[in-house]
Amino acid sequence: MNDTTASTPPAKKPAGRRKFELDERLKAYKGVWVFIEHERGAAHPVSWELLGEGRKLADKLGVELGAVVPGAPGEDTQKFCAEAFQYGADLCYLIEDPALAEYRNQSYTRALTDLVNKYQPEILLLGATTLGRDLAGSVATTLQTGLTADCTELNIDMENRSLAATRPTFGGSLLCTIVTLNYRPQMATVRPRVMAMPARDETRTGRIVEHPLALVETDIVTKVLEFIPDERRDQANLPFADIIVAGGRGMKRPENFQLIWDLAKVLGAEVGATRPVVQAGWVGADRQVGQSGKTVRPKLYIAVGISGAVQHRVGMEGSDVVIAINQDPNAPIFDFATYGIVGNAMQIVPALTEAFRQHLATAKLAS
Amino acid sequence: MHIVVCIKQVPDSAQIRVHPVTNTIMRQGVPAIVNPYDLVALEEALRLKDRYQAHVTVLTMGPPQAETALRKALSFGADEAILLTDRAFAGADTLATSYALASAIRQIQKDMPVDLVFAGKQTIDGDTAQVGPGIAVRLGLQMLTYVCKIEALDLEQREITVQRRAEGGVQVLKTRLPALITVLEGINEMRFATMPDMFRAARHPLKVWDKDAAGIEDATRIGLKGSPTVVSKVFAPTPRTQKAEIVQTQSDQPRDQAATLLAKLFTKFPQLRAEIGRRAS
Ligand SMILES: Cc1cc2nc3c(=O)[nH]c(=O)nc-3n(C[C@H](O)[C@H](O)[C@H](O)COP(=O)(O)OP(=O)(O)OC[C@H]3O[C@@H](n4cnc5c(N)ncnc54)[C@H](O)[C@@H]3O)c2cc1C
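Residues numbered from 1 in each chain as written. Chains lettered and ligands numbered in written order. Predicted model: local features only at pLDDT ≥ 70, side-chain atom pairs only at ≥ 80, totals over all residues. Heavy atoms only, no water.

So, the overall build of chain A
- Scanning chain A for helices and strands turns up 9 helices and 18 strands.
- For chain A, the C-alpha radius of gyration of 23 Å lies close to 21 Å, the compact-globule estimate for 367 residues.
- Taking the principal axes of its C-alpha atoms as reference, chain A extends roughly 65 × 55 × 40 Å.
- When each of the 367 residues of chain A is scored for burial, the buried share is 61%.
- Here the contacts in chain A between residues at least 6 apart in sequence split such that 68% fall between residues at least 24 apart.
- In the structure as shown, chain A presents an accessible area of about 13900 Å², 50% of it carried by carbon and sulfur atoms. (Helix = DSSP H or I, 4+ residues; strand = E, 2+ residues; numbered from the N terminus. Rg over C-alpha atoms; globule rule 2.2 N^0.38 Å. Buried < 20%, exposed > 50% of the residue type's maximum accessible area, 1.4 Å probe, protein only. Contact = heavy atoms within 4.5 Å. Areas by Shrake-Rupley, 256 points an atom, 1.4 Å probe, with all protein chains shown as cover.)

Topic: the overall build of chain B
- Looking only at helices and strands, chain B has 7 helices and 15 strands in total.
- For 281 residues, the compact-globule estimate of 2.2 N^0.38 gives 19 Å, and chain B exceeds it by more than 25% at 24 Å.
- Along the longest, intermediate and shortest principal axes, the C-alpha atoms of chain B span 75 × 50 × 40 Å.
- Counting only residues that meet the buried cut, chain B has 56% of its 281 residues in that class.
- For chain B, contacts bridging at least 24 residues in sequence account for 69% of all contacts bridging at least 6.
- Carbon together with sulfur atoms contributes 51% to the accessible area of chain B, which is approximately 12400 Å² in total.
- Averaging the positions of the 35 positive and the 30 negative side-chain charges in chain B gives two centres separated by 6 Å. (Lys, Arg positive; Asp, Glu negative; His and termini not counted. Charge placed at Lys NZ, Arg CZ, Asp CG, Glu CD.)

Some points on the interface of chain A and chain B
- Taken together, the contacts link 97 residues of chain A with 94 residues of chain B.
- Across the interface of chain A and chain B, roughly 8800 Å² is buried in total on both sides, 58% from carbon and sulfur atoms.
- Applying the counting rule to chain A against chain B returns 4 salt bridges.
- A salt bridge links Glu275 of chain B to Lys299 of chain A; the nearest nitrogen and oxygen atoms lie 2.9 Å apart.
- In this structure, the connection of chain A to chain B is made through 33 residue pairs in polar contact (both at pLDDT 80 or more).
- Looking at side-chain class alone, the side of chain A that touches chain B contains 41 nonpolar, 35 polar and 21 charged residues.
- In terms of strand pairing, strand β18 (residues 339–342) of chain A meets strand β15 (residues 245–246) of chain B through 2 bridges, oriented parallel. Bridging across to β15 of chain B, Gly340 of chain A finds its partner in Ile246 of chain B. (Buried area = accessible area lost by both parts, 1.4 Å probe. Salt bridge = Lys/Arg side-chain N within 4 Å of Asp/Glu carboxyl O. Polar contact = N/O pair within 3.5 Å; in protein donor to acceptor, adjacent residues only side chain to side chain. Nonpolar A, V, L, I, M, F, W, Y, C, P; charged D, E, K, R; others polar. Pairing = 2+ DSSP bridges.)

Considerations on the packing of aromatic side chains
- A full pass over the atoms with the stated rule returns 8 aromatic pairs over all chains.
- Centre to centre, the rings of Trp48 of chain A and Tyr87 of chain A are 5.0 Å apart; their planes meet at 15 degrees, and the pair counts as stacked. Taken together, the positions of Trp48 of chain A in helix α2 (residues 45–61) and Tyr87 of chain A in the loop between α3 (77–86) and β5 (91–96) put the pair 39 residues apart, joining distant regions of the chain.
- The exposure class assigned to Trp48 of chain A is buried, which follows from its relative accessible area of 4%.
- Measuring from ring centre to ring centre gives 4.9 Å for Tyr93 of chain A and Tyr119 of chain A, while their planes differ by 45 degrees; the resulting arrangement is tilted. One end of the pair, Tyr93 of chain A, is in strand β5; the other, Tyr119 of chain A, is in helix α4 (residues 105–119), and 26 residues separate them in sequence.
- Under the relative-accessibility criterion, Tyr93 of chain A is labelled buried at 7%.
- For Tyr119 of chain A, a relative accessible area of 27% translates into the label partly exposed.
- Positioned over the ring face of Phe227 of chain A is Arg40 of chain A, at 3.6 Å from the centre of the ring.
- The ring of Phe235 of chain B is capped by Lys233 of chain B, whose NZ or CZ atom sits 4.7 Å from the centre of that ring. (Phe/Tyr/Trp six-rings, centres within 6.5 Å; stacked < 30°, edge-to-face > 60°. Lys NZ or Arg CZ within 6 Å of the ring centre and 35° of its normal.)

As for the sheet that holds β5 of chain A
All names here are of chain A.
- An order of β7-β11-β6-β1-β4-β5-β12 is seen for the 7 strands of this open sheet, with the pairing classed as parallel. The open sheet has two edge strands with one neighbour each: β7 (147–148) and β12 (207–210).
- The strands touched by α2 are β1 (32–35), β4 (65–71), β6 (123–127) and β11 (186–190); relative to β1, the strand with the most contacts, the crossing angle is about 175 degrees.
- Along the sheet, α3 contacts β4, β5 and β12; its crossing angle with β5, the most-contacted strand, is approximately 165 degrees. (Axes fitted to C-alpha atoms, helices over the stretch in contact; angles between N-to-C directions.)

Brief notes about a nonpolar patch on the surface
All names here are of chain B.
- Together, Met195, Met198 and Phe199 make up an exposed nonpolar region whose accessible area comes to about 320 Å².
- Structurally, Met198 is set in helix α5 (residues 195–203).
- With relative accessibility at 41%, the residue Met198 sits in the partly exposed group. (Patch = residues over 30% accessible without salt bridge, like charges linked within 9 Å, V, L, I, M, F, W, Y side chains within 5 Å.)

Structural notes on unusual backbone geometry
- For the bond running from Arg184 of chain A to Pro185 of chain A, omega is -5 degrees, close enough to zero to count as cis.
- That bond from Leu177 of chain B to Pro178 of chain B is cis: its omega, 0 degrees, falls within 30 degrees of zero.
- Mapped onto the elements of the fold, Pro178 of chain B is located in the loop between β11 (169–176) and β12 (179–183).
- Although it is not a glycine, Gln120 of chain A sits at a positive phi angle of roughly 50 degrees.

Some thoughts on the domain arrangement of chain B
- According to the domain assignment, chain B contains domain 1 (2–226) and domain 2 (243–281).
- The straight-line distance from the C-alpha centre of domain 1 of chain B to that of domain 2 of chain B is 50 Å. (Domains from an automatic or database assignment.)

Let's talk about the sheet that holds β18 of chain A
- Reading across from one edge, β15(A)-β14(A)-β16(A)-β17(A)-β18(A)-β15(B) is the order of the 6 strands in this open sheet, with parallel pairing throughout. Here the strands that pair on one side only, and so sit at the sheet edges, are β15 (270–273) of chain A together with β15 of chain B.
- Here strand β16 (residues 300–304) of chain A runs beside strand β17 (residues 321–326) of chain A; their pairing, made up of 5 bridges, is parallel. Its bridge partner lying in β17 of chain A, Val304 of chain A is registered against Ile325 of chain A.
- Packed on one face of the sheet, helix α6 (residues 258–267) of chain A meets β14 (243–247), β15 and β16 of chain A and runs near 175 degrees to β14 of chain A.
- Sitting on the sheet, helix α9 (residues 345–366) of chain A is in contact with β16, β17 and β18 of chain A, with an inclination near 140 degrees to β17 of chain A.

If you want it as structure tokens, here you go:
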């Protein structure tokens, strides 16, 4: 994103004045790539979401969709390649080396930049995860190209075959579309759950292109001493929760937040929160939904005592069904919720918890 | 030990409004603040200073008014402050910004070698999270992003051990200095500046560097000219709009409201009934 605050007035940049025509050298860049992120034996779903999006871009451009699968021998790299084909990739670039067993910036940056320099894709997409952002930043700098972070929409400007990457700015109050001029590849990151999961076609296959890593373990300065999984730390995994009960400042006091936990427990749901609630320390930062928190896409989102500010909305408007409980009938949350109850959360939430509990008890009896 | 902390002055986005007709940002009267994530980085650097007697230099690129951000950092305990300001820096994207900051850090190194560079996780106005990594690559620093804890620092061996937030867990990483660290929010609480601190900071001399003083070698790589990305369009989002169906009951009793809601929900969305049932069983 261009920094309009770095100096002097935010001159609206007329993109037309700058060079859209590609240098001959850069015209050789062809194809759309998605980086396949995996850790501890599981691929990150954002990789499949990006393949779904990448497929559309590749089709518009009439080029191939490639998946980049790095990893160590003995890891499930073949399985990830097979899955990548099923989610839409035409070919997989497989880089296998013991030095890629665990993510480290140096080895992964080397793997990806070498691959880009050799096979020259025009577009490279990565998940906006802690891994993807770490890697994208160093890869873009090494390749000296443009990178647009946290995109919510990707498109092709057919006039010059360039990637038009749209992202929220100023906390989601505005959107801006960013293009990369005379540089390739055009890089973008997208957060998990922003794009829909594509359908999986079990019959699809593709070809694998192997590429070596030009680096050995002793070249890598940083060592991984340990990995502490989140199960041991009680971290929430909000982006992939199917049901979320979220509480806002309308819960008034930390003790009242227990009502949110109680409802979540009955529903087998995750607990989410707005930023003021996280800042007050009622719940951990991993539970914040919104612009500066997580993007979620549950089947059901229950928003309690949440006004529905734009910074919160952008993180949860992909929810299938939204139930809002708020005492203010004019709260903005009612403008994008499916159902609303106007009233005092301290009374309605316990009643709702009880109603779900009873429903589940009778459902169990009946079965 | 010498630590450089990169900070940025940003408009307080909580107070930004968008003009309903022209779709432009209304900046008038919006106060400028230090990017909150950068304060977390500064505090972490100051904690190292307290323990190891480090020298802390704060560096910012911005308009002349960004001086305020530097003074604030000085009041918290930074030793030295440098402002990169030049019209030629304007309109920089992340690539051009990291080029300018990296050049400046090279200049800073000439006086005193740098062991650690700190940056915030991201900014609240751009939130790209790329300037830190960009600086690391350009200066050949070991890169540690999303650090949630500095476990150990061994100045003899020139090694640092940190916890880094990864997907699904935390990596414990050990690397060599010099390194660049971006820190996660919420890992510390910013100290307070006393009145005497503020007075001292107000009088503290600043270094103001233009592009030549910052050692910019290639002027085509800074500012708008050095930015591969351009904004081609700015527009208002079309948000999800769906006027909520407000649950109406005769009694206004929470129990009735809850029952009515469940009935509506499960009739219209039978799949949710199955989903919830599946979890409970
Ligand atoms: C740069 C930036 C990033 C941000 N990022 C995020 C983000 O990621 N996520 C986020 O959530 N926010 C974010 N915010 C903050 C956001 O602007 C709002 O301030 C915030 O979402 C409001 O939280 P809230 O709805 O809990 O509180 P409020 O806006 O105070 O709303 C409380 C609501 O509770 C209702 N209420 C009060 N009492 C009761 C009761 N007894 N029963 C029922 N209802 C009651 C009120 O009617 C009101 O609607 C960000 C802001 C900025 C500037």
